[in-house]
Amino acid sequence: HETGARLLLERASTGRDDGRALWVVDAQSQIRLLADLEGRRVAFVDRYGASRGLEALAALLAEGLDPVQADVDGARALRASSTGFVFSGDVETSLLWLRNGRIDAVAVDGCDVRE
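Small disclaimer: the values here were computed from a predicted structure and weren't measured.

A. Here's a closer look at the packing of aromatic side chains. Enumeration according to the criterion identifies 4 aromatic pairs in this entry. Relative to Phe85, the ring of Phe44 lies with its centre 5.4 Å away and its plane at 15°, an arrangement referred to as stacked. Here Phe85 lies in strand S5 (residues 82-87) and Phe44 lies in strand S3 (residues 41-44), a separation of 41 residues in the sequence. The same class applies to Phe44 and to Phe85, which are both buried. Aromatic side chains Phe85 and Phe87 sit 5.8 Å apart centroid to centroid with 80° between the ring planes, which places their arrangement in the edge-to-face category.

Below, the structure written as structure tokens:
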């Protein structure tokens, strides 16, 4: 609420964790679908292990996007057809990056938001 972020969509992944993955974007963003993340930077919140980030990565691949590792400072140039991803480690850091325009979306687990 304090960052002006809003929920983009739920159920970004399928399988046993279906319904737990949440994508968050800035309230003023034009991003509405995962396909809109082409050419953008996203952060994966992954405090306990790689599985949550891998589920978000799989959702991007399933959408036909080209995810590549990036950085929040834009030092690595992205191809227009790529989606850059970074691992943030916690929700707070990701939301600050989102608020400051360093990333365009955050993939979080519903459990992380609750905590």
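Moving on from the coordinates now.
B. View of the environment of Asp36. With respect to the helices and strands, the residue Asp36 is situated in the loop between strand S2 (21-26) and S3. Asp36 gets classed as partly exposed once you look at its relative accessible area, which sits at 29%. Apart from residues no more than four positions distant in its own chain, Asp36 is found in contact with Gln30 and Ile31. Separated by 2.8 Å, the side chain of Asp36 and the backbone nitrogen of Arg32 make a polar contact.

C. View of the side chain of Thr83. Looking at the secondary structure, you find Thr83 in strand S5. Taking the relative accessible area as the measure of exposure, Thr83 reaches 0% and is therefore buried. Aside from chain neighbours lying at most four places away, what touches Thr83 is Leu37, Glu38, Gly39, Arg40, Val42, Leu60, Leu65, Asp66, Pro67 and Val68.

D. Focus on the nonpolar core. If you look at the biggest cluster of nonpolar residues, it comprises 15 residues, and the most contacted ones within it are Trp23, Leu34, Leu37, Val42, Phe44, Leu60 and Ala105. A per-element tally of this core places helix H1 (residues 50-62) first, with 4 residues. Setting aside residues up to four positions removed in sequence, Val42 forms contacts with Trp23, Leu37, Leu60, Thr83, Gly84, Phe85, Val86, Ile103 and Ala105. Counting residues in each nonpolar core, the second largest holds 12 residues, with Ala43, Val45, Val91 and Leu98 among its members.

E. Focus on the pairing of S3. Burial of the side chains of S3 extends over both faces: Arg41 and Ala43 are buried on one face and Val42 and Phe44 on the other. Two elements, S3 and S5, share 4 bridges in a ladder whose sense is parallel. Note that in S5 the partner of Ala43 across the bridge is Val86.

F. Just the side chain of Ser29, in detail. The residue Ser29 is located in the loop between S2 and S3 in this model. Here Ile31 takes part through its backbone nitrogen, which lies 3.0 Å from a polar atom of the side chain of Ser29.

About the cut-offs
Residues numbered from 1 in each chain as written. Predicted model: local features only at pLDDT ≥ 70, side-chain atom pairs only at ≥ 80, totals over all residues. Heavy atoms only, no water. Phe/Tyr/Trp six-rings, centres within 6.5 Å; stacked < 30°, edge-to-face > 60°. Helix = DSSP H or I, 4+ residues; strand = E, 2+ residues; numbered from the N terminus. Buried < 20%, exposed > 50% of the residue type's maximum accessible area, 1.4 Å probe, protein only. Contact = heavy atoms within 4.5 Å. Polar contact = N/O pair within 3.5 Å; in protein donor to acceptor, adjacent residues only side chain to side chain. Core = buried A, V, L, I, M, F, W, Y, C linked by side-chain atoms within 4.5 Å. Pairing = 2+ DSSP bridges.

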